[in-house]
Amino acid sequence: MHVVQYEVLKSKTAAEINRIAQFLGVMITDQEVEDIVKKTDIEYMKQDTRVGLQDEDGSKTSVLNKGLVGEWEKHFVGPRLEKLAENMLTSANNIFKKHNLIEPPC
């Protein structure tokens, strides 16, 4: 299992991309890292016409948030946060069971 923290990804993007590639066993050049950094920038993605959902009338709806660290806290409060935590715990338990790993202590 590989854990990526959004805060670290935002502050050390190139280093995190290299870590992810290493975890996946993928050889990646510095140029490819630069390209990934550029194309995963929130402002770049907002300009990309392929990112988003198309409504029935043909208009585009963005699926992107502001891309700010900590912004999630404004969206996941109360019951939504509880449901998110429940889903994450269920997913983690399923992964542990699937791979015959020791279950997490929660």
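Scroll up to find the structure.
Let us look at the structure shown here. (Residues numbered from 1 in each chain as written. Predicted model: local features only at pLDDT ≥ 70, side-chain atom pairs only at ≥ 80, totals over all residues. Heavy atoms only, no water.)

A closer look at the overall build of the protein chain
The secondary structure content of the protein chain amounts to six helices and two strands. Each helix (α) and strand (β) of the protein chain, taken in turn from the N terminus, gives the series α-α-α-α-β-β-α-α. Within the protein chain, the fraction of its 106 residues that count as buried is 10%. Sequence separation of 24 or more characterises 18% of the internal contacts of the protein chain that already satisfy a separation of 6 or more. Summing over all exposed atoms, the protein chain offers an accessible surface of approximately 8800 Å²; the carbon and sulfur share of this is 57%. (Helix = DSSP H or I, 4+ residues; strand = E, 2+ residues; numbered from the N terminus. Buried < 20%, exposed > 50% of the residue type's maximum accessible area, 1.4 Å probe, protein only. Contact = heavy atoms within 4.5 Å. Areas by Shrake-Rupley, 256 points an atom, 1.4 Å probe, with all protein chains shown as cover.)

Here's the deal with the pattern of salt bridges
Pairing between side chains becomes possible if they bear opposite charge and their charged atoms approach one another. Enumeration over the complete set of coordinates arrives at three salt bridges. A salt bridge links Glu 86 to Lys 83; its shortest N-O distance comes to 3.7 Å. With Glu 86 and Lys 83 both in helix α6 (residues 79–98) and three residues apart, the pair spans about one turn of that helix. When its relative accessible area of 45% is taken as the criterion, Glu 86 is described as partly exposed. On the basis of relative accessible area, Lys 83 is assigned to the partly exposed category, the value being 46%. (Salt bridge = Lys/Arg side-chain N within 4 Å of Asp/Glu carboxyl O.)

Quick look at the environment of Ile 20
If you trace the backbone, Ile 20 turns up in helix α2 (residues 13–24). Separated by 16 residues in sequence, Ile 20 and Val 4 place their C-alpha atoms 8.2 Å apart.

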